[in-house]
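Coordinates in review
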Amino acid sequence: MLEIILSKIQNNPISYEGYLEYAKYLENVNLKQVYLTYENALFYWQDELVRIEIQNKLDENAYRQGKVEPASIVILSYNNRQITQQCIESIRETTPISARKIVIVDNNSQDDSVEYLRQQNDIVLVENDFNAGFLEGVILG
């Protein structure tokens, strides 16, 4: 049974049905995984009535201590606005906003990166006034 459910998700990862089936399967196994799976179902489904049903499941699971805090995604930026923008857009297209926190560390870019990043309302921007390098940039993030 599990193999069939997982193959549905693998064959069509943007369909909510596979995620709903998987969440129901996991309800007595792993509450954190249930939460993440319902979160994915909610992300991929647009029908308002189904969205309300899925949100109710998320709320119920959170009440049962299954809520998962958002993952922090740390991205370093240095004079590469286009690549940074593509990276942010890809994260937005594939990850529920409730499941992520995007942190951008800009290592004193001299192009238009910082201006672009300041306009993004769903990221945390750390602006360095020097190039801290990779390791220190990641640690700052």
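Here the structure is a predicted model, which means the values were calculated and not measured.

Observations concerning the pairing of strand E1 (residues 71-77)
Bridge count between E1 and strand E2 (residues 100-106): seven bridges; the pairing is parallel. Bridging from a neighbouring strand, Ser72 pairs with Lys101 of E2. Traced from E1 through helix H5 (residues 81-94) to E2, the parallel crossover comes out right-handed.

Points about the packing of aromatic side chains
Across all of its chains, the model carries three aromatic pairs by this definition. For the pair Tyr16 and Trp45, a centre-to-centre distance of 3.9 Å together with 45° between the ring planes defines the contact as tilted. Here the residue Tyr16 occupies a position in helix H2 (residues 16-26), and Trp45 occupies one in the loop between helix H3 (31-44) and helix H4 (48-63), the gap between them amounting to 29 residues. An angle of 15° between the planes, with centres 5.9 Å apart, marks the rings of Tyr19 and Tyr44 as stacked. Taken together, the residues Tyr19 in helix H2 and Tyr44 in helix H3 connect sequence positions 25 residues apart. Here the aromatic cluster, defined as three or more aromatic residues joined through ring pairs, consists of Tyr19, Phe43 and Tyr44. Directly above the ring of Tyr116 sits Arg81, whose terminal nitrogen or CZ lies 5.5 Å from the centroid.

Regarding the environment of Ile73
With respect to the helices and strands, the residue Ile73 is situated in strand E1. Look at Ile73 and you get partly exposed, because its relative accessible area is 26%. Along the primary structure Ile73 and Leu26 are separated by 47 residues, whereas in three dimensions their C-alpha atoms are 26 Å apart. When neighbours within four sequence positions are excluded, Ile73 is seen to be in contact with Ile91, Arg100, Lys101, Ile102 and Val103.

Focus on H5
In this model H5 runs 20 Å from its N-terminal to its C-terminal C-alpha over 14 residues, within 8% of the 20 Å that 1.5 Å per residue would give. Among the residues of H5, Thr84, Ile88 and Ile91 are the ones counted as buried. Burial along H5 is one-sided: seen end-on, the buried residues are contained in an arc of 60°. Exposed residues lying more than 90 degrees from the buried face of H5 are Gln82, Ile83 and Glu93. Turning to H5, the residues buried within the fold contact E1, E2 and helix H6 (113-118).

Here we look at the pairing of E2
The buried count for E2 comes to six of seven residues, which makes it a mostly enclosed element. Pairing of E2 with strand E3 (residues 123-127) involves five bridges; the strand directions are parallel. Residue pairing in the sheet places Ile104 in a bridge with Leu125 of E3. In this view, the connection linking E2 to its parallel neighbour E3 by way of H6 has right-handed handedness.

Observations regarding the environment of Glu27
For Glu27, the position within the fold is in the loop between H2 and H3. Through-space distance from the C-alpha of Glu27 to that of Gly66 is 9.9 Å; in sequence the pair is 39 residues apart. Among all residues touching Glu27, those that are not within four sequence positions of it are Val34, Tyr38, Lys57 and Arg64.

Basis of the calculations
- Residues numbered from 1 in each chain as written.
- Predicted model: local features only at pLDDT ≥ 70, side-chain atom pairs only at ≥ 80, totals over all residues.
- Heavy atoms only, no water.
- Pairing = 2+ DSSP bridges.
- Helix = DSSP H or I, 4+ residues; strand = E, 2+ residues; numbered from the N terminus.
- Right-handed = clockwise from strand over helix to strand, strands pointing away.
- Phe/Tyr/Trp six-rings, centres within 6.5 Å; stacked < 30°, edge-to-face > 60°.
- Lys NZ or Arg CZ within 6 Å of the ring centre and 35° of its normal.
- Buried < 20%, exposed > 50% of the residue type's maximum accessible area, 1.4 Å probe, protein only.
- Contact = heavy atoms within 4.5 Å.
- Expected span 1.5 Å × (residues − 1).
- Arc of directions from axis to C-beta.

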